[in-house]
Structure formats: C-alpha cells, structure tokens
Amino acid sequence: MKTTLIKTTLSTLLILTAGLAPAPAYAQATAARPQAAAAATTPLADARFNTWLGCWRLEDDLAGTGARMCITPEAQGVRLQTIVGTQRGLEELVIADGTARPIVDSECKGTAASSWSQDGLRVFRTTEVTCANESPRTIKAIAFLAPNAVWTHVQHVSSPSGTANVRVQRYRRAINQN
C-alpha cells in the first residue's frame, strides 16, 4: 500500500499550472539563483509553463531538507523530477494537450491526461492507474499558482469500491535549485 500511495502521489504530483504570477516577478525572485533564472528563459512550445520552472518544496518542509520537485523545459511541455538529497527519483514528461499517455513505471500501469483550463491558469489531470495487485484508481486533480508563489495541488483519488480520498498539498520555491 505504501509503495502504491507513493507511486500514485508522484504520478499525480506532476500537475502544473501557470499564469497568476507575472513572469517578471518570477525572474526577479530567481535572480539570486542563476540556474533557475536561466531555466526560466529557455523557450518552451507551451509558454504557460514558464513560471513553474525551477525546484519546489512542500510548504511544511521549513528546513528544505525533504524531497524537491524540479521542473525543466522539454518538448511541448515540461519534465518533472523528484530529488531527495542528491538522489534523483521519478521523472515524467507532462504535456497539457488532453492526450492520454501511458504511465511508464515498472510497478504501475495506466494512462494520464493533462489539459489547461480555458483561461490557462490551471491544469487538470486525470490518471487511471493500477499498481501491483491493488485495485485500479482514478485520480482527478487540479493545480494552480496561488498568490505569493504557492503551488496548490488538490487531488481526488477514488476506487471502483467507492472509496475516495481528497488530498491538498502546497509547495513553495526551494532554496536549493539543483
């Protein structure tokens, strides 16, 4: 169960949104972090991801010693990678075009589709996944950038048996941008 929860959480953490914080504010906030600022200027096929580039930490990780989610530009979207200390973990390509793409994982199988809201401020994601010998799950999620550069991520996880859970996570920019 714990492995599945982690896999499910990581696959759905990869939900992004953009637009509430203007790009100049992001550039100014990352001026002291050259790598993050350089990543922000890398052109993307989908520029709505620009304000998300860099590394993020869970808001309750005040010391900044836990996992970071680092976002880099790639193809028509972004690549997200979980980093704990110096260990690089799971990574995923996110393209918010509504196309269902296979989940690439040794323990979990399924599909995930992401799409932007009409105003381009939020990304919605639907994931259908089965891990190991567990029941299939449907995860519906939304994420957005709230004031003060807080990435808010809400997900609803349900199973065919009718069990459902809601989870809310908040992220802030990580000090360590590597």
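We now turn to the structure provided with this report. Here the structure is a predicted model, which means the values were calculated and not measured.

**With respect to the pairing of strand 9 (residues 150–158)**
Of the strand pairs in this sheet, strand 8 (residues 137–146) and strand 9 are connected by nine bridges, and their pairing is antiparallel. By the bridge assignment, Ile139 is partnered in strand 9 with Val157. Hairpin connection of strand 8 to strand 9: three residues between the antiparallel strands, including Asn148 at a positive phi of 65 degrees. Direction of pairing for strand 9 relative to strand 10 (residues 164–173): antiparallel, over a ladder of eight bridges. Bridge pairing links Trp151 to Tyr171 in strand 10. Counting the residues in the hairpin turn of strand 9 and strand 10 gives five residues, including Gly162, whose phi is positive at 100 degrees.

**A short note on the side chain of Arg137**
In this fold, Arg137 is placed in strand 8. Side-chain polar atoms of Arg137 contact the side chain of Glu134, separated by 3.0 Å.

**Looking at the state of the cysteines**
Tallying each qualifying case throughout the model produces two disulfides. Shown here is the disulfide that connects Cys55 with Cys70, its sulfur atoms set 1.9 Å apart. Residues Cys55 and Cys70 share a disulfide whose torsion about the S-S bond is about 110 degrees; that sign makes it right-handed. Placement of Cys55 in strand 1 (residues 54–58) and of Cys70 in strand 2 (residues 68–74) is noted, with a sequence separation of 15 residues between them. The pair Cys55 / Cys70 is uniform in exposure class, with both members buried. Here Cys108 is linked by a disulfide to Cys131, with a sulfur-sulfur distance of 2.0 Å. Its S-S torsion of approximately 110 degrees makes the covalent link between Cys108 and Cys131 right-handed. Taken as a pair, Cys108 in strand 6 (residues 108–116) and Cys131 in strand 7 (residues 122–131) lie far apart in primary sequence, 23 residues in all. Each member of the pair, Cys108 as well as Cys131, carries the same accessibility label: buried.

**Focus on the pattern of salt bridges**
Overall, the coordinates contain nine salt bridges when judged by the stated rule. As a salt-bridge pair, Arg125 and Glu92 come within 2.4 Å of each other at their nearest N and O atoms. Of this pair, Arg125 sits in strand 7 while Glu92 is found in strand 4 (residues 87–94), placing the two residues 33 residues apart along the sequence. Residue classification places Arg125 among the buried positions, given a relative accessible area of 5%. Residue classification places Glu92 among the buried residues on the basis of a relative accessible area of 18%. Of the charged contacts in the structure, one is a salt bridge between Glu134 and Arg137, with a shortest N-O distance of 3.0 Å. Residue Glu134 is classed as partly exposed on the basis of its relative accessible area, which comes to 21%.

Conventions adopted
- Residues numbered from 1 in each chain as written.
- Predicted model: local features only at pLDDT ≥ 70, side-chain atom pairs only at ≥ 80, totals over all residues.
- Heavy atoms only, no water.
- Pairing = 2+ DSSP bridges.
- Helix = DSSP H or I, 4+ residues; strand = E, 2+ residues; numbered from the N terminus.
- Polar contact = N/O pair within 3.5 Å; in protein donor to acceptor, adjacent residues only side chain to side chain.
- Disulfide = S-S within 2.5 Å.
- Buried < 20%, exposed > 50% of the residue type's maximum accessible area, 1.4 Å probe, protein only.
- Salt bridge = Lys/Arg side-chain N within 4 Å of Asp/Glu carboxyl O.

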